[in-house]
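What the coordinates show
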Amino acid sequence: MRVFVIFAVCSILALGVTADDGLCPAAFPNVYYNGQYCCKSNKEKVYAPQGTQCDGSVIQRDSLCCAGDSYLKCPSGICENYRDLVNSQCPAAFSNVYYN
């Protein structure tokens, strides 16, 4: 019974993901500008006045520029990087969960 309950909870959590869950959308998966924006690219735009936060390196949460200016405002206000929760696995603590 315990295994089934854990499986059901993981399945429900995976299927119930919406923009309001605080994730960037799949088309713009990379969070930057302290979570306020989501970038299509995984690179920063090069913009010298912003220094190392806009130097073309891999985009991070504290980056200030998005390569190609291909971005959108976080749908929920503050976002985290997109994660494919529908196809992801349950936590390692329950790695052998199954349904029969």
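We now turn to the structure provided with this report. (Residues numbered from 1 in each chain as written. Predicted model: local features only at pLDDT ≥ 70, side-chain atom pairs only at ≥ 80, totals over all residues. Heavy atoms only, no water.)

1. Some remarks on the state of the cysteines
The tally for this structure, following the rule as stated, stands at four disulfides. At a sulfur-sulfur separation of 1.9 Å, the disulfide partner of Cys39 is Cys66. Handedness here is read from the sign of the S-S torsion; for Cys39 and Cys66, about 75°, the answer is right-handed. With a gap of 27 residues between them, Cys39 in strand 2 (residues 37-39) and Cys66 in the loop between strand 2 and strand 3 (71-73) connect regions that are remote in the sequence. Taking relative accessible area as the criterion, Cys39 reaches 0% and is therefore assigned buried. The residue that forms a disulfide with Cys54 is Cys65, at a sulfur-sulfur distance of 2.0 Å. Disulfide Cys54 to Cys65: torsion about the S-S bond roughly 80°, handedness right-handed. In this pair, Cys54 is assigned in the loop between strand 2 and strand 3 and Cys65 in the loop between strand 2 and strand 3, connecting sequence segments eleven residues apart. Judged by its relative accessible area of 1%, Cys54 falls in the buried class. Relative accessible area serves as the criterion here: at 7%, Cys65 is assigned to the buried category. (Disulfide = S-S within 2.5 Å. Helix = DSSP H or I, 4+ residues; strand = E, 2+ residues; numbered from the N terminus. Buried < 20%, exposed > 50% of the residue type's maximum accessible area, 1.4 Å probe, protein only.)

In short, geometric facts, not functional conclusions.
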